[in-house]
4 protein chains.
Amino acid sequence: MHCRVWSCIVSTGQTWTVGVTGATGYAGGEVCRLLAAHPFLSLAGVHANSSAGRRLGELQPHLLPYADLVVQPSDAASLAGYDVVVLALPHGESAAIAAQLPEDTVVIDCGADHRLTDPAAWARWYGNEHAGSWPYGLPELPGQREKLAGARRIAVPGCYPTSVTLALAPALAAGLIEPEVVVVAASGTSGAGKSAKPHLLGSEVMGSVSAYGVGGVHRHTPEMIQNLSQAAGIPVSVSFTPTLVPMSRGILATCSAKLAPGADAGSARAAYEKAYADEPFVHLLPEGQWPTTSQVLGANTVALQIAVDQAAGRLIVVAAVDNLTKGTGGAALQCANLALGLPETTGLPLVGVAP
Amino acid sequence: MHCRVWSCIVSTGQTWTVGVTGATGYAGGEVCRLLAAHPFLSLAGVHANSSAGRRLGELQPHLLPYADLVVQPSDAASLAGYDVVVLALPHGESAAIAAQLPEDTVVIDCGADHRLTDPAAWARWYGNEHAGSWPYGLPELPGQREKLAGARRIAVPGCYPTSVTLALAPALAAGLIEPEVVVVAASGTSGAGKSAKPHLLGSEVMGSVSAYGVGGVHRHTPEMIQNLSQAAGIPVSVSFTPTLVPMSRGILATCSAKLAPGADAGSARAAYEKAYADEPFVHLLPEGQWPTTSQVLGANTVALQIAVDQAAGRLIVVAAVDNLTKGTGGAALQCANLALGLPETTGLPLVGVAP
Amino acid sequence: MHCRVWSCIVSTGQTWTVGVTGATGYAGGEVCRLLAAHPFLSLAGVHANSSAGRRLGELQPHLLPYADLVVQPSDAASLAGYDVVVLALPHGESAAIAAQLPEDTVVIDCGADHRLTDPAAWARWYGNEHAGSWPYGLPELPGQREKLAGARRIAVPGCYPTSVTLALAPALAAGLIEPEVVVVAASGTSGAGKSAKPHLLGSEVMGSVSAYGVGGVHRHTPEMIQNLSQAAGIPVSVSFTPTLVPMSRGILATCSAKLAPGADAGSARAAYEKAYADEPFVHLLPEGQWPTTSQVLGANTVALQIAVDQAAGRLIVVAAVDNLTKGTGGAALQCANLALGLPETTGLPLVGVAP
Amino acid sequence: MHCRVWSCIVSTGQTWTVGVTGATGYAGGEVCRLLAAHPFLSLAGVHANSSAGRRLGELQPHLLPYADLVVQPSDAASLAGYDVVVLALPHGESAAIAAQLPEDTVVIDCGADHRLTDPAAWARWYGNEHAGSWPYGLPELPGQREKLAGARRIAVPGCYPTSVTLALAPALAAGLIEPEVVVVAASGTSGAGKSAKPHLLGSEVMGSVSAYGVGGVHRHTPEMIQNLSQAAGIPVSVSFTPTLVPMSRGILATCSAKLAPGADAGSARAAYEKAYADEPFVHLLPEGQWPTTSQVLGANTVALQIAVDQAAGRLIVVAAVDNLTKGTGGAALQCANLALGLPETTGLPLVGVAP
């Protein structure tokens, strides 16, 4: 089993300290939650832009083992000294901090700053100067795992791009679909963060589904285009519509595109089986079983299924991830494992919290 | 206001009796709920296949004013004698009953039996003989309202086809989009009915989203194709993926298609404004406001919004309906109003139960 | 049926105009929702402290028929001229407005200002001067209906006190229980209002139950004590614990007290049957059927059930109400009906929106 | 940190095999989920009454690492050979199986069969012969941890009794409250199991709270009476009302009793601080912070808070647990740890999955 491998390592007794900034938000809190079960990474400090000086327990009641930690400021000086620093900050804040941290500190950025490789794309979508790109923390992409091994700066993918990229890259890489994809994704509300906005109140979101960011304006769109175009080897257009559904966690991405000439259900399944045969976190479900977000809730896993709609001539791929785990905090630790030379699955949950 | 018009009618003192069969299910229960607020239609009897002899209050605890009604059998003999009969039965059961009811009884079928006009399509999707088609109860389609006025047999549309047809018909009719549409719809669980299946348990559906019927196999697909092809005047292909979201009621349909040459945001908005300017139940929201299912919960209304994704070259239309109200039970009473010559909005809720 | 009675009134053609202030909040929005289905009361203006000048549709997307109303200021001058004024404001704001409205305007206060009769109790719980008490809008209490007929100032009860008072008053009045009651009530989040606070975010409340205001500190406590002591004829102590549950609407109050000597299940049932035999909105369910909040969702009804725990020697009473309907907005219109001499049930929903 | 202790053990390389029967239900599934993260216990076989021969992945989609396990029969012969057997079966089925398993097999019963010590109480509540009592798996009770160390038969407590016993035992043991307690507990739906019943459908439970088993008829009542009477040293009466709330997991128990003469807030807090000072899984929150079920979701922890209601003269204690984790499956592994001589917290989650 996955955890037995620990025994070959633990004899060294080595552990690494981790500092998390943005620890009072949802992404940062998830990193802390997962650290509590990691055998070799140890949460050594929590930081945040505001809330410095408060007990973490007031702000993150579920982090009971860490309740008495006092929140420290979120600046480079305060963050120096950890083996690993996880940045879970609003976009635009990572670059300045990272530049002042030692080069051999492992810095994992859960924000958007270093995901896009094209400065022009960054400028178009974010309106300011690009901070530069870091190795992209999606080890399941061909060749990517090698780039993350030993890396000291890693950009964790966005939650939607994680689900959509893993859903569509194999088909695009194999030339099975046309490079015009349509994605409609349902997301739990934690994806919208913890700042209190009226439309995110429980009274508003329970019992209701809504669309937002319609028409290609969601900032995760260029990241999807970048990943999918790279997989396809040609430019891919992405029509992306996110929707907000009444649950806290989870993304279900329904993705489709026209089948390329000659492609069929058999070649599609073969492509996905091949792409993910050895991936510990990506599960192509048996035929006929469709993903649910509960099966990956709190886990660092992705559940995938594909089908061909003959009449419409399209391939449909559905992917489920937990936006906070494989979508953010779990991916951060998966990347940290690779950076530190630990087995990639170390300490990461493989089973969703269901029902 | 809408309800003032009653004063010009009520002077006659006329009311009509209504019998509902399938009254112990979700669709039938919704018809009963709405009848309780209808000034001229009076629920006179409840029927069901099983449960005959039981108090309605045991089976539909919310129908408090009708709790002491005893459920009667669901056969033509038992259903004779009402002015209006609403059939909320599994498909395949309506035709035999309707054939034995008097010709001047208003029979409203909430099931699928009489929606499709093409016997071959019926046979392909349902596997048995077609019962024939009835006037299609979607008055918002061009020319359809006139066909329903005074009708004695009406087929209520399916819940998904209602949302998708109203979302896309104007664009197809105006030639603004290509006839290949992609629909991903989120539905509350009541659309799956009241029979107890493990995957519909609260423990399974709360906190989880899942896909089902993927690949063009949902039986509402041919009904959408029929409606949209009629609107377009040419065959339309529909890629339809339904998803189940953690709420009881509501559908949010996200629909898109490639823009036709020359079409743009302006011509699209103009087409929708024109199509629904005089519709009492269909609301094209102000630009930038996106539909939520809570705004139509329990109401006989549809909330719509459109956007153009320039980069992807697609028109996106999002529609919200309550699958049980405008999607079934409310539509049934809207049709009954037309059949009886009452103002179309009589007794129907225009405001959703929010928050 | 309940709605037939309208025919005897509508011939006069009379309608009354209603102004609602606090119309952008949950309570005020509910009043507007219910007005849309009321045959004789007409929403003529919406007001609010902030948001003046904005379209109502931006702030209350479900109020589609009123979307184009422009929000007006919430002051006495702006509110003059309506036949009925409904105040859905934070406590402390009603008295000043009401004092400047004409004496013959029907003023219905959904806030707390005029509920308590004891100025000392007010000062102890709210810390400022008492505005005086108005007729208490719970017609189901003995003798209360008569006081509301024709009244021009009415204080709508709090949502928790409505449920708890109706649950326990009959047993206390009949001397069946000791005057020390324990109440644990579950409430949907809309009871906490629409202002955005982090602990009310959907991400926080979905999938979670929490307690708050524990230890007798909730401000609805003195109102319960007042009502129950009046029913009992002696002082009653109330241990009240509210809890927040993951739904938008609804209260389920579980109330219990020690049985008085000689009291038993039979005498208890007889007392409740007698108390509510003629009440159109209060339903004592058949033995063995327990209330659910969904059965009263959006309706102006209360579902009640009682049981005796022989081993513990206690009477348990469970009551379900919708905090926004019978708990606030529906009660407001029920009171308005009484004030105006209309049948008490006019225009009020009797059936919950279930499932 | 808690996980470092593993390093001192793992050097032996020892692991134990675990067989779980009832693995297709919610309790059994939770045991499997937790085993996936346990470093020394290894899930070696899954069993069930029905479903034998099917892939576990069809029945428990979240158990992705175990998806290909084939469900085996649930009988003693099939269950022989494991180091540890966890029984997650309906009551009445454990004794016969346990009797045929080797004496040195660790048998952990998640069912009710061996919890009650009084055969007469068993007969009164379950109607058949008592199977005998086993060491009671609540190590947090005084002296109980010692009885579980090295035990080979352990009865896991019921979920409600776990929360209520931990909530009230310290106050009763210290004589701070009268021995008449009132408990109202909110539970997620997974507590009702996985068999498909209409009232447990998502459509019924979402957006709704209901009471059930009112009047002292829930079968967890005698277990609470047993535990609390033992803690108090005198008979304790328990008025227990369970309610069903719209979430999958979690229990929030609101417990209260009259303060004994001389008891006050200070003595109460001191008693709870003392009782749980060294307990790794029980957290008395800082004053003023109230438990939420999300903070313990999926974790083997209990969050507690107390308050004194001076006016009502009562102590209120609120406890949150996850009914499937500390309430069942986590407690089972905690007991297994003790039985096997492992550190009690080994492999058990300490952080809830929030938000």
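Residues numbered from 1 in each chain as written. Chains lettered and ligands numbered in written order. Predicted model: local features only at pLDDT ≥ 70, side-chain atom pairs only at ≥ 80, totals over all residues. Heavy atoms only, no water.

Colleague: Help me understand the overall build of chain A, please; the structure alone is not making it clear to me.
Modeller: Per the secondary structure count, chain A includes eleven helices and 13 strands. Computed over the C-alpha atoms, the radius of gyration of chain A is 20 Å, within 12% of the 20 Å expected from 2.2 N^0.38 for a compact globule of 355 residues. C-alpha extents for chain A along the principal axes are approximately 60 × 50 × 45 Å. Counting only residues that meet the buried cut, chain A has 66% of its 355 residues in that class. Long-range pairs, those at least 24 residues apart, make up 69% of the contacts in chain A with a sequence separation of at least 6. Carbon and sulfur atoms make up 54% of the accessible area of chain A, which amounts to about 10800 Å² in all. Between the mean site of the 19 positive side-chain charges and the mean site of the 26 negative ones, chain A shows a separation of 3 Å. (Helix = DSSP H or I, 4+ residues; strand = E, 2+ residues; numbered from the N terminus. Rg over C-alpha atoms; globule rule 2.2 N^0.38 Å. Buried < 20%, exposed > 50% of the residue type's maximum accessible area, 1.4 Å probe, protein only. Contact = heavy atoms within 4.5 Å. Areas by Shrake-Rupley, 256 points an atom, 1.4 Å probe, with all protein chains shown as cover. Lys, Arg positive; Asp, Glu negative; His and termini not counted. Charge placed at Lys NZ, Arg CZ, Asp CG, Glu CD.)

Colleague: Explain the pairing of strand β4 (residues 84–87) of chain D to me, please; I cannot follow it from the model alone.
Modeller: Consecutive side chains along a regular strand alternate between the two faces of the sheet. Residue and element names in this part refer to chain D. Along β4, one buried face is formed by V84 and V86 and the opposite face, lined by V85 and L87, is buried too. Taken together, the four bridges between strand β1 (residues 16–21) and β4 define a ladder with parallel strand orientation. Bridged to V18 within β4 is V84. Examined bridge by bridge, β4 and strand β5 (residues 106–109) share four bridges and lie parallel to one another. From the neighbouring strand, V84 faces β5, where its bridge partner is V106. As for the winding sense of the linkage, the β-α-β connection from β4 through helix α5 (residues 94–100) to β5 is right-handed. (Pairing = 2+ DSSP bridges. Right-handed = clockwise from strand over helix to strand, strands pointing away.)

Colleague: Can you walk me through the packing of aromatic side chains in this structure?
Modeller: Within a pair of aromatic rings, the relevant descriptors are the distance that separates the centres and the angle that separates the planes. Here the structure, examined in full by the defined rule, presents nine aromatic pairs over all chains. Centroid distance W122 of chain A to Y126 of chain A: 3.9 Å. Interplanar angle 15°. Geometry classified as stacked. Taken as a pair, W122 of chain A and Y126 of chain A lie in helix α5 (residues 119–126) at a separation of four residues, close to a single helical turn. A single burial state applies to W122 of chain A and to Y126 of chain A, both of which are buried. Ring geometry for Y160 of chain C and F240 of chain C: centres 4.9 Å apart, planes at 70°, overall edge-to-face. Remark: F240 of chain C occurs in strand β9 (residues 237–244) and Y160 of chain C occurs in helix α7 (residues 159–173); sequence separation between them is 80 residues. Classification of F240 of chain C as buried rests on a relative accessible area of 1%. (Phe/Tyr/Trp six-rings, centres within 6.5 Å; stacked < 30°, edge-to-face > 60°.)

Colleague: Explain the interface of chain A and chain B to me, please; I cannot follow it from the model alone.
Modeller: Many descriptions give the size of an interface as the accessible area lost when the pieces come together. Each partner contributes to the interface: chain A provides 41 residues, whereas chain B provides 41 residues. Carbon and sulfur atoms make up 65% of the surface buried where chain A meets chain B, a total of about 3000 Å² over both sides. On inspection of chain A and its partner chain B, the count reaches two salt bridges. K258 of chain B is the partner of E180 of chain A in a salt bridge, and the nearest nitrogen-oxygen pair spans 3.0 Å. Counting across the chain A and chain B interface gives eight residue pairs in polar contact (both at pLDDT 80 or more). For the side of chain A that touches chain B, the secondary structure elements donating two or more residues are β7 (177–187), α8 (202–205), β8 (210–211), β9 (237–244), β10 (251–259), β12 (302–309) and β13 (314–321) of chain A. Among the elements that take part in the side of chain A that touches chain B, β9 of chain A stands out by supplying five residues, more than any other. A breakdown of the residues in the side of chain A that touches chain B according to their chemical character gives 21 nonpolar, 14 polar and six charged. (Buried area = accessible area lost by both parts, 1.4 Å probe. Salt bridge = Lys/Arg side-chain N within 4 Å of Asp/Glu carboxyl O. Polar contact = N/O pair within 3.5 Å; in protein donor to acceptor, adjacent residues only side chain to side chain. Nonpolar A, V, L, I, M, F, W, Y, C, P; charged D, E, K, R; others polar.)

Colleague: Which parts of the structure should I look at to understand the environment of H218 of chain D?
Modeller: All names here are of chain D. Checked against the element boundaries, H218 lands in the loop between β8 (210–211) and α10 (221–232). For H218, a relative accessible area of 16% translates into the label buried. Put simply, H218 and T24 are 194 residues apart on the chain and 25 Å apart in space, counted from C-alpha to C-alpha.

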